[in-house]
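Next come the chains, spelled out residue by residue.
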Amino acid sequence: MAGRFEIHRVGDESYRLRLTDGEGNIVAVSPNFKSLNTLLEGINAMRENAATGIVVDLRQQQA
C-alpha cells in the first residue's frame, strides 16, 4: 500500500498534514496551516520536490 497525506483539523481555524508510509507509520507532520488551500499547496509542493530533492547530511557541519 502507498503512503498517504492525511489532513487533520486543528481547532476551529487551522489544518495540519500528516504523511504516513504504506504501513501507517507517521513520516512527517506539518506545522499548522491557516487555510485548507494553503495546506493543499503544501501537499503539491511536497509531491513535486520529494522526487528530485537532494539529501543534505548536516550531522557533521563545521563551524
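Residues numbered from 1 in each chain as written. Predicted model: local features only at pLDDT ≥ 70, side-chain atom pairs only at ≥ 80, totals over all residues. Heavy atoms only, no water.

Q: An account of the pairing of strand β3 (residues 26–29) is requested, with residue identities and associated values reported.
A: Two faces, one strand: in a regular strand the side chains alternate between the faces of the sheet. Alignment of strand β2 (residues 14–20) against β3, held across 3 bridges, turns out to be antiparallel. Counterpart to L19 in the pairing with β3 is A28. Here β2 folds back onto β3 in antiparallel fashion, the turn holding 5 residues, of which G24 has a positive phi close to 90°. (Pairing = 2+ DSSP bridges. Helix = DSSP H or I, 4+ residues; strand = E, 2+ residues; numbered from the N terminus.)

Q: Talk me through a nonpolar patch on the surface; I want residue IDs and the actual numbers.
A: Residues I7, L36 and L40 make up a contiguous nonpolar surface patch of roughly 230 Å² in combined accessible area. With respect to the helices, strands and loops of the structure, I7 is situated in strand β1 (residues 4–10). Note on I7: relative accessible area 40%, which makes it partly exposed. (Patch = residues over 30% accessible without salt bridge, like charges linked within 9 Å, V, L, I, M, F, W, Y side chains within 5 Å. Areas by Shrake-Rupley, 256 points an atom, 1.4 Å probe, with all protein chains shown as cover. Salt bridge = Lys/Arg side-chain N within 4 Å of Asp/Glu carboxyl O. Buried < 20%, exposed > 50% of the residue type's maximum accessible area, 1.4 Å probe, protein only.)

Q: Requested: an account of the nonpolar core, with residues and values cited.
A: Ranked by size, the top nonpolar core spans 5 residues in total: Y15, L17, F33, L39 and I43. With near-sequence residues (within four places) excluded, I43 lies in contact with F5, I7 and L17. (Core = buried A, V, L, I, M, F, W, Y, C linked by side-chain atoms within 4.5 Å. Contact = heavy atoms within 4.5 Å.)

Q: If you had to explain the pairing of β1 to someone new, which residues and values would you point to?
A: Bridging between β1 and β2 involves 7 bridges; their strand directions are antiparallel. Residue R9 lies in a different strand from β2, and its bridge partner there is Y15.

Q: Lay out the side chain of E6 in plain terms, naming residues and giving numbers.
A: Examined against the element boundaries, E6 turns out to sit in strand β1. For E6, a relative accessible area of 12% translates into the label buried. Within polar-contact distance, the side chain of E6 engages the side chain of H8 at 3.4 Å. The residues contacting E6, other than those within four sequence positions of it, are R16, L17, R18 and T20. (Polar contact = N/O pair within 3.5 Å; in protein donor to acceptor, adjacent residues only side chain to side chain.)

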